[in-house]
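Single-letter residue listing:
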Amino acid sequence: MTREEVENGKDYMLIDGEDNAVPDGFNADYLKAYYGKLFPCADMFKWLSYGNDGKHPGCDHSYSGRREFSFTLDNDIYLRFQSFNTASELENAIKEKCPFKIDIGPAYSVDPSKRHAYSQGGDNIFTPVERELVFDIDISDYDDVRYCCSGADVCLECWPLMTVAIKVIDTSLRDDFGFSHILWVYSGRRGVHCWVCDGKARRLNNEQRAAIADYFRVYKGNENSNKKVSLVGPALHPFLARSYTDVLQGYFEKRLLSSQNLFLNEERFEKILEMIPDESITSELRGKWLSNKRSKEDINVVRWEQLKHLLSSKKGQGHRRCIEEIVFSFTYPRLDMEVSKHMNHLLKAPFCVHPKTGRICIPIDPNKCDELDPSAVPTLSKLIGDLNAGGFIAEGDNGKEKGNNEWDGTSFVQCVKYFKEHFLDPLHKSCKEEIETSYNAKVKQSRNSISW
Ligand SMILES: [Zn+2]
């Protein structure tokens, strides 16, 4: 593409020189450039093919074509049950339709775009057969335990609640359930998504998914109930005990207690006192705190220590449990259970752009989730600005391959690299091994049946 063609073309907006500043926002032109130059379409398709790329006789040729994609177009036009047999089919559809949002559904028993042909009955029933085990955690579900923001807003003071959720759930999925191919993604605005992609996770039925979701459930409160958490039994379940010691307690005492000012005033400390069933303790603490409103040290830390000291000095298991319940109430992950329970729930694809924030839904390394600052996540306009500045858009279709090392170091390229090297490559390898093993078993079985 020559300079003139580029300047006359409507596909690309700003080219070079002083016009590198791209206005903030989200629009179809930016999105088109993003899908054309940056969106890792081939890697996404490779992921969702789970090794069924036709290179091994044991591959399932129909697998990729049975996966549902859903596109939300401009003006909220909603295209469900899209399916694609190859990476280039997917890429062409995305470039052509330029969806504002892409959701991923399950793999069905038959190609979802031809589902009507099967609805007349017969042997081929249209039903979901495989789906990643997914989790959706939204910061807006924590409004009763954060005072810095509410609703969809999020800042560095409340984001640690998401960090806690990632750490607790990720550790349990690996250590308690034995899953290893887990992808965490920033949802682009107010939360995180988790995709568990191991074969045994994808093949779970709805009852098994509900059982796993239930395993994580301790939060049973609602807006009208004081008690948000019920920890039952003489001892904490090993998973809860470990989460408490390794994650929750530290984040509560070292971060949230002070950053959220949990004991700052009467309204706030009353909310905590309501969780203590012993009237003698609550009235003693209340008296102390109402008469002494100032402290040289952080008042939240002082009051929390007083509360713990008084509760620990009393006899009985219930008092120690009460401290744990307060910490759980303010820190324990709050999952959107319905998303995890049903195979046919759609979930926004990684690397989408959030239309409200313009932020890219980037993968999160659970080992480095402490470092994530949602406000610093690359945005669509930032990426387009970087592309323009590097001359990548002006270079035409091969622009991003011209080997500019500066672009290689951008946070977006690092995200794609993380996705490929730490998630996709190990997943692909294990899928290939699984295909090989089951193919060999089938060959052996058919040989045996012949020799009988
Ligand atoms: Zn906040």
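Please read all numbers here as calculations on a predicted model, not as lab measurements. (Residues numbered from 1 in each chain as written. Predicted model: local features only at pLDDT ≥ 70, side-chain atom pairs only at ≥ 80, totals over all residues.)

### Comments concerning the sheet that holds strand β9 (residues 363-364)
Turning to step 1, where the next piece is worked out: What the four strands build is an open sheet, ordered β5-β7-β6-β9; its pairing is antiparallel. Since the sheet does not close on itself, it has two edges, and those belong to β5 (133-138) and β9, each with one partner.
Turning to step 2, where the next piece is worked out: Pairing geometry for strand β6 (residues 182-186) and β9, over two bridges, is antiparallel. Of the residues in β9, the one forming a bridge with Val 185 is Pro 363.
Turning to step 3, where the next piece is worked out: Packing against the sheet, helix α6 (residues 160-175) makes contact with β5, β6, β7 (191-196) and β9, and its axis sits at approximately 10° to β7. (Pairing = 2+ DSSP bridges. Helix = DSSP H or I, 4+ residues; strand = E, 2+ residues; numbered from the N terminus. Contact = placed C-beta atoms within 7 Å. Axes fitted to C-alpha atoms, helices over the stretch in contact; angles between N-to-C directions.)

### Let's talk about the nonpolar core
Turning to step 1, where the next piece is worked out: Among the nonpolar cores identified, the biggest contains 97 residues, and Tyr 34, Ala 165, Val 192, Cys 194 and Leu 248 are the most heavily contacted of them.
Turning to step 2, where the next piece is worked out: The residues that make up this core include at least three from each of domain 1 (28-218 + 336-443) and domain 2 (238-331).
Turning to step 3, where the next piece is worked out: With residues up to four places along the chain from it excluded, the contact list for Leu 248 reads Val 164, Ser 243, Val 327, Phe 328, Thr 331 and Tyr 332. (Core = buried A, V, L, I, M, F, W, Y, C linked by C-beta atoms within 7 Å. Buried ≥ 20, exposed ≤ 12 C-beta atoms within 10 Å, placed from the backbone. Domains from an automatic or database assignment.)

### Quick look at helix α2 (residues 28-37)
Turning to step 1, where the next piece is worked out: Residues of α2 that are buried: Tyr 30, Leu 31, Ala 33, Tyr 34 and Tyr 35.
Turning to step 2, where the next piece is worked out: Where α2 is buried, its residues touch α4 (87-97) and α15 (380-389).

### Some words on the confidence of the model for the protein
Turning to step 1, where the next piece is worked out: Confidence in the prediction of the protein, expressed as mean pLDDT, is 89, and 87% of residues score 70 or more.
Turning to step 2, where the next piece is worked out: The low-confidence segment residues 1-20 (pLDDT under 50) makes 24 contacts with residues lying over four places distant or belonging to another chain.
Turning to step 3, where the next piece is worked out: Low pLDDT (under 50) marks residues 394-400, which in the prediction has 12 contacts with non-local residues, meaning those over four places away or in another chain. (pLDDT = per-residue confidence, 0-100.)

### Remarks on the pairing of β7
Taken residue by residue, a regular strand's side chains alternate between the two faces of the sheet.
Turning to step 1, where the next piece is worked out: When you tally the buried positions in β7, you get six out of six residues, the bulk of the element.
Turning to step 2, where the next piece is worked out: Side chains Gly 191, His 193 and Trp 195 project from β7 onto one buried face, and the interleaved Val 192, Cys 194 and Val 196 project onto a second face that is buried too.
Turning to step 3, where the next piece is worked out: Summarising the sheet, β6 and β7 pair through five bridges and their orientation is antiparallel. Looking across to β7, one finds that Val 185 is bridged to His 193.
Turning to step 4, where the next piece is worked out: Counting the residues that bridge the hairpin from β6 to β7 gives four residues, and of these Gly 188 lies at a positive phi of roughly 100°.

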